[in-house]
Amino acid sequence: MRLVTIFQELIEISAKGDVSNSAFLMVMILMYLNIALYLMDLYALVKKKSPGETVMIMLLPGAITVMGAAMFSFFLQIPANTGLERVWTENVSPRLWAELLGLAGLFALLWCLTWRLWQRRRENRLRVVQWIFSYSLDFLMVFLLVVVGGAGLIGGVDLPVLAGRLVAGLGYNLFLYLFLYGVAALAFKMGLFLLAGLTQIFSVRISRFSYREGKSPTASFLLYAVLLQNARVRGALAYWIPMLCFGVWTSSIANEFVFRVIFPIFIALAFMLYLLIAVRPIADNMARFSKWGDRKRVLTQFCREYFLEEPLIKNRDFTVTRHFLADERGMIEVFSFDALANVNGGWVSDPKNGWVRSLSFLDGGNCAIYKSDMGADEIFRYAKQYWETQQLANRGKAELQRLQEPAREGLYQKLFYFTVAALVMLFMVMPQMMKR
């Protein structure tokens, strides 16, 4: 492709140092502007109901986006003197004009596919303003591609060079550089669309699960919560496994000990830390199950009520069974109505999320429910009725004390501390080993 050839030659010129030093500031401004816009767009396209879950989901594709935008701006420097115009004019041909028109058409197609993701968030005024600011620049570039490609195919007119010569007194062809920078930014934005689409696919929650009596309740719950309901883990598997493969490949061809041994271990530990953070709610769930009594018996009861019986309340945010509340706004979290502390608190104003009300539990759990959540009033009505019934039953003091006992440090906490400590030690040792 002619466009690829042009950018390859520009990178070679930049690598030799034949660049305009006066353009460094503009390159840095464009780089940071690109990174900010790409991250905002990625966040908007993959946004979930829980901000924490959204950040976890976009952490890896966001890192890829930042590195890609930074490298793109770093390598695409402005050649000094006439280097840029020479590279351009040598590659001008009908094929180049056709590639520019095809790039404009492909961007329009991908934008139409992602419009629905934007449309779902049109009620957010900030997102609408961001959309206008970000994509108006892209549409301006698409318009220029159509004009330049059409003029070249129909009349053989090289508009970028003609316009660039008007500002030749600046020492470099500013217009032609901005035109090529816009072409590369548009291609990068299409890569962002693809990345956002893959992230959406990986982060879809799968609510269908075949559970039968007699199955291991622990294995069934972990499979459902970790892989089907947890978009973070699937995202980690989708993006970290290629990075692990890259680390293994790097170690196989590297000569230095740091890159051959330490670097793959560092990536593996970072992957383990990400997974531990991703499954933290599941570890909290398992700890609460243990505090409610025999864990296997409680899990069996939950799986029976959740998967087999008709729920009392069921919507996209919560599932309420006879004895349990499953919070499904993010990664699934399970609370037991038997451990309710009190439900007498009213709605409290929250500047960010409107009206909020909390359900507090004796085992340390807390479920914040917003008035905008589906079925919020029904949940509190049922919780209050259940709590009043429990008060009449007059639970024993021994049970209350057991629920309020702090959870002992389990395997999850030990793994988490070990992984963090190993990462810190490697991070401190690697610079010293690289100096040798």
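Residues numbered from 1 in each chain as written. Predicted model: local features only at pLDDT ≥ 70, side-chain atom pairs only at ≥ 80, totals over all residues. Heavy atoms only, no water.

1. Overview of the overall build of the protein
Within the protein, the secondary structure is distributed over 16 helices and 8 strands. Counting all 436 residues of the protein, 46% fall into the buried class. Sequence-distant contacts, at least 24 apart, represent 70% of the contacts inside the protein between residues at least 6 apart. In the structure as shown, the protein presents an accessible area of about 23,200 Å², 65% of it carried by carbon and sulfur atoms. (Helix = DSSP H or I, 4+ residues; strand = E, 2+ residues; numbered from the N terminus. Buried < 20%, exposed > 50% of the residue type's maximum accessible area, 1.4 Å probe, protein only. Contact = heavy atoms within 4.5 Å. Areas by Shrake-Rupley, 256 points an atom, 1.4 Å probe, with all protein chains shown as cover.)

2. Quick notes on the pairing of strand 7 (residues 354-361)
Pairing geometry for strand 5 (residues 340-342) and strand 7, over 2 bridges, is antiparallel. Counted as the bridge partner of N342 is S360 from strand 7. Sheet topology places strand 6 (residues 348-350) next to strand 7; 3 bridges connect them, and they run antiparallel. Paired with S349 across the two strands is W355, which belongs to strand 7. Bridge count between strand 7 and strand 8 (residues 366-370): 5 bridges; the pairing is antiparallel. Paired with S358 across the bridge in strand 8 is A368. What sits between the antiparallel neighbours strand 7 and strand 8 is a turn of 4 residues, in which G364 has the positive phi angle 95 degrees. (Pairing = 2+ DSSP bridges.)

3. Observations regarding the sheet that holds strand 1 (residues 313-314)
One key point about sheets: their strands pair by backbone hydrogen bonds, in either a parallel or an antiparallel sense. With respect to topology, 4 strands assemble into an open sheet ordered 1-2-3-4, the strand pairing being antiparallel. Two strands bound the open sheet, and with one partner strand each, they are strand 1 and strand 4 (333-336). Helix 13 (residues 295-308) contacts strand 1, strand 2 (318-320), strand 3 (324-327) and strand 4 of the sheet and is inclined by roughly 70 degrees relative to strand 3. (Axes fitted to C-alpha atoms, helices over the stretch in contact; angles between N-to-C directions.)

4. Topic: the nonpolar core
If you look at the biggest cluster of nonpolar residues, it comprises 58 residues, and the most contacted ones within it are F221, F289, L325 and L359. Excluding residues that lie within four positions of it along the chain, L325 makes contacts with F318, T319, V320, E333, V334, F335, F337, L359, C367 and I379. Counting residues in each nonpolar core, the second largest holds 41 residues, with L96, M141, Y177 and F193 among its members. (Core = buried A, V, L, I, M, F, W, Y, C linked by side-chain atoms within 4.5 Å.)

5. A short note on the packing of helix 9 (residues 217-228) against helix 12 (residues 280-291)
Axis separation between helix 9 and helix 12 bottoms out at 11 Å; the angle between their running directions is 150 degrees. What the angle tells us is that helix 9 and helix 12 run roughly antiparallel. Relative to helix 12, the crossing made by helix 9 is right-handed. Here T218, F221, L222, A225 and V226 of helix 9 lie close against helix 12, whose contacting residues are I282, N285, M286 and F289. Taken together, the residues that form the contact of helix 9 with helix 12 break down as 7 nonpolar, 2 polar and no charged. (Parallel < 35°, antiparallel > 145°, perpendicular 65-115°, else oblique. Left-handed = near helix turned anticlockwise from the far one by under 90°. Nonpolar A, V, L, I, M, F, W, Y, C, P; charged D, E, K, R; others polar.)

6. Let's talk about the environment of R316
Secondary-structure assignment places R316 in the loop between strand 1 and strand 2. The class of R316 is exposed, set by a relative accessible area of 62%. In this structure, the C-alpha to C-alpha distance between R316 and D327, residues 11 residues apart in sequence, is 9.5 Å.

7. Looking at the packing of aromatic side chains
This model, assessed by the stated rule, comprises 24 aromatic pairs. The interplanar angle of 65 degrees and the centroid separation of 5.8 Å between the aromatic rings of Y224 and Y306 together place this pair among those described as edge-to-face. Of the two residues, Y224 is situated in helix 9 and Y306 in helix 13; the sequence distance between them amounts to 82 residues. On the accessibility criterion, Y306 (11% relative accessible area) is buried. Through a chain of ring-to-ring contacts, three or more aromatic side chains come together here, namely F209, Y211, F221, Y224, F289, W292, F302, Y306, F307 and F324. Seen from the ring of F209, K215 lies directly overhead, with NZ or CZ sitting 5.7 Å from the centre. Cation over ring: R357 sits above F380, and NZ or CZ is 4.2 Å from the ring centre. (Phe/Tyr/Trp six-rings, centres within 6.5 Å; stacked < 30°, edge-to-face > 60°. Lys NZ or Arg CZ within 6 Å of the ring centre and 35° of its normal.)

8. So, helix 13
Its 14 residues give helix 13 an end-to-end C-alpha distance of 19 Å, which sits within 8% of 20 Å, the value for a rise of 1.5 Å per residue. Every buried residue of helix 13 is accounted for by V298, L299, T300, F302, C303, E305, Y306 and F307. Close packing links the buried residues of helix 13 with helix 9, helix 12, strand 1, strand 2, strand 3 and strand 4. (Expected span 1.5 Å × (residues − 1).)

9. Considering the environment of F427
With respect to the helices, strands and loops of the structure, F427 is situated in helix 16 (residues 411-435). In sequence terms F427 and I262 are 165 residues apart; their C-alpha atoms lie 9.6 Å from each other.

10. Notes on the confidence of the model for the protein
Residues with a pLDDT of 70 or more make up 78% of the protein, whose mean pLDDT is 77. No element of the protein has a lower mean pLDDT than helix 15 (residues 397-404), which averages 52, and none a higher one than strand 3, which averages 92. (pLDDT = per-residue confidence, 0-100.)

11. Some words on helix 9
Between the first and last C-alpha of helix 9 there are 15 Å, a value that for 12 residues agrees with the 16 Å anticipated at 1.5 Å per step. Of the residues making up helix 9, those classed as buried are P217, S220, F221, Y224, A225, V226 and L228.

12. Considerations on the side chain of T319
Tracing the backbone through its elements, the reader meets T319 in strand 2. At 3.0 Å, the side chain of T319 forms a polar contact with the side chain of K314. Sequence-distant contacts of T319, defined by excluding residues within four places in its chain, comprise Y306, P311, I313, K314, F324, L325, A326 and E328. (Polar contact = N/O pair within 3.5 Å; in protein donor to acceptor, adjacent residues only side chain to side chain.)

13. Side note on the pattern of salt bridges
A full pass over the atoms with the stated rule returns 9 salt bridges. A salt bridge links D373 to R329; the nearest nitrogen and oxygen atoms lie 2.9 Å apart. Of this pair, D373 sits in the loop between strand 8 and helix 14 (376-393) while R329 sits in the loop between strand 3 and strand 4, placing them 44 residues apart in sequence. For R329, a relative accessible area of 12% puts it in the buried group. The structure contains a network of salt bridges with shared partners spanning E305, E309 and R322. (Salt bridge = Lys/Arg side-chain N within 4 Å of Asp/Glu carboxyl O.)

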